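Read off the chains here:
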Amino acid sequence: MEQLQDLLLESPGFDDFLLELTVFSASKLAAPEPMLCAISLERDGRPVTAASSSDSAKQMDERQYGFDDGPCLTALRENRTVLVSDLKTSERWSRYSQAVTDDGITSVLAVPVNAGPNAAAALNCYARSTHTFNAATIAAVESYAVPLSRILRLALRVHRLEIHPEGLHGALQSRAIIDAALSLIMAQTRGSREDAATLLHEMARSSKQQLKQIATDILNGSKLPEQVKRDDEAQQ
């Protein structure tokens, strides 16, 4: 909860906060296998993808809106956890499954998140393996939804902003920068996306800067902590 509060305090706006929240969520929940995350928020009866940790997650959400049906919308509207272990064999959402087969996503877990009055939300997790969402992982995501609910309700009170297209555009630009920085960190450290996201968040917290600024600095040539440490040891 303390880390989630830091994200809210350090984010200049609601869209930026949700962007960082989805990246943070994906990095924290990606064990033992990686997953993509998105947060769907329904306001005034209309669902929108408030933020996502990747373009693939955003597209998976938006394709459900085209059908006005899907596991994530069901979790949001019926306030219950929805698991699709294998999209290829799903009969309940066959049209949606056929529409997303080219994205490499094989399973979906959607968990409702209490967003307070006049709003509904869901944390949507996507995996490329049918073995990702076992009982332990489902329990972990449902447990994580509790502090996620608290910080989301607080964010909606603090910002009291509608999600406008221009705000989402800025958030999408920020996510692109963060994604590029994560890819660069993975290439330099030869680590996983989860490790790269953890490192990026640690750098932001230690420097008390926004995640986007740290990502921009890395893309502009700033060294990672391990690189700085090696340089210092070499000089000594």
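Residues numbered from 1 in each chain as written. Predicted model: local features only at pLDDT ≥ 70, side-chain atom pairs only at ≥ 80, totals over all residues. Heavy atoms only, no water.

Draft legend 1. Main features of the overall build of the protein chain. Assigned secondary structure in the protein chain consists of ten helices and five strands. The buried share among the 236 residues of the protein chain stands at 50%. Summed over all atoms, the accessible surface of the protein chain reaches about 11,700 Å², with 48% contributed by carbon and sulfur. (Helix = DSSP H or I, 4+ residues; strand = E, 2+ residues; numbered from the N terminus. Buried < 20%, exposed > 50% of the residue type's maximum accessible area, 1.4 Å probe, protein only. Areas by Shrake-Rupley, 256 points an atom, 1.4 Å probe, with all protein chains shown as cover.)

Draft legend 2. Main features of empty space enclosed by the protein. Tallied over the full model, the rule gives three cavities of 30 Å³ or more. Here the largest cavity defines a volume of roughly 90 Å³. In terms of lining, the largest cavity is formed by Q3, D6, L7, E10, E20, F24, H201, A204, R205 and L211. Breaking the lining of the largest cavity down by element, the ones donating at least two residues are α1 (2-10), α2 (14-29) and α8 (193-207). Among the elements that make up the lining of the largest cavity, the one with the highest residue count is α1 (four residues). (1 Å grid on protein atoms, 1.4 Å probe; cavity = no way out; pocket = protein on both sides within 12 Å on 5 of 7 lines; lining within 4 Å. Points joined across faces, edges and corners; volume = space filled by probe spheres on them.)

Draft legend 3. Just the side chain of S40, in detail. By the element assignment, S40 lies in strand β1 (residues 36-43). A polar atom in the side chain of S40 sits 2.8 Å from the side chain of N124. (Polar contact = N/O pair within 3.5 Å; in protein donor to acceptor, adjacent residues only side chain to side chain.)

Draft legend 4. Representation of the confidence of the model for the protein chain in the model. Of all residues in the protein chain, 79% have pLDDT values of 70 or greater, and the mean over the chain is 77. Per-element confidence in the protein chain is highest for strand β3 (residues 82-84), whose mean pLDDT is 93, and lowest for helix α10 (residues 225-235), whose mean pLDDT is 56. (pLDDT = per-residue confidence, 0-100.)

Draft legend 5. Expanded view of the pattern of salt bridges. Overall, the coordinates contain two salt bridges when judged by the stated rule. Salt-bridge contacts for E42 lead to R77; the nearest nitrogen and oxygen are separated by 3.5 Å. Residue E42 is located in strand β1, and its partner R77 is located in helix α4 (residues 71-78); the two are separated by 35 residues in the primary sequence. For E42, a relative accessible area of 15% corresponds to the buried category. By relative accessible area, which is 38% here, R77 ends up partly exposed. Among the ionic pairs, R80 bridges to E78, the shortest N-O distance being 2.7 Å. R80 sits in the partly exposed class, given a relative accessible area of 39%. (Salt bridge = Lys/Arg side-chain N within 4 Å of Asp/Glu carboxyl O.)

Draft legend 6. Focus on α4. Among the eight residues that make up α4, six are buried, leaving the element largely enclosed by the rest of the structure. Remark: N79 follows α4 within two positions and exhibits a positive phi of approximately 55°.

Draft legend 7. How the structure looks around the pairing of strand β5 (residues 119-127). Buried residues dominate β5, accounting for nine of its nine residues. Across the two faces of β5 the burial is the same, with A119, A121, L123, C125 and A127 and A120, A122, N124 and Y126 all buried. In terms of strand pairing, β1 meets β5 through eight bridges, oriented antiparallel. Within β5, the position partnered with L41 by the bridge is A121. Bridge analysis of strand β4 (residues 107-113) against β5 gives seven bridges, and the strand direction is antiparallel. Paired with V111 across the strands is L123, a residue of β5. Connecting β4 to the next strand, β5, in antiparallel fashion are five residues, including G116 with a positive phi near 90°. (Pairing = 2+ DSSP bridges.)

Draft legend 8. Summary view of the nonpolar core. Counting residues in each nonpolar core, the largest one holds 33 residues, and the members touching the most others are F17, L21, L29, L123, C125, Y144 and L152. Taken together, the elements giving at least two residues each to this core come down to α1, α2, β1, β4, β5 and α6 (135-159). When residues in this core are grouped by element, the largest group, nine residues, is from α6. Not counting chain neighbours up to four residues away, the residues in contact with L29 comprise M35, C37, L123, C125, A140, V141 and Y144. (Core = buried A, V, L, I, M, F, W, Y, C linked by side-chain atoms within 4.5 Å. Contact = heavy atoms within 4.5 Å.)

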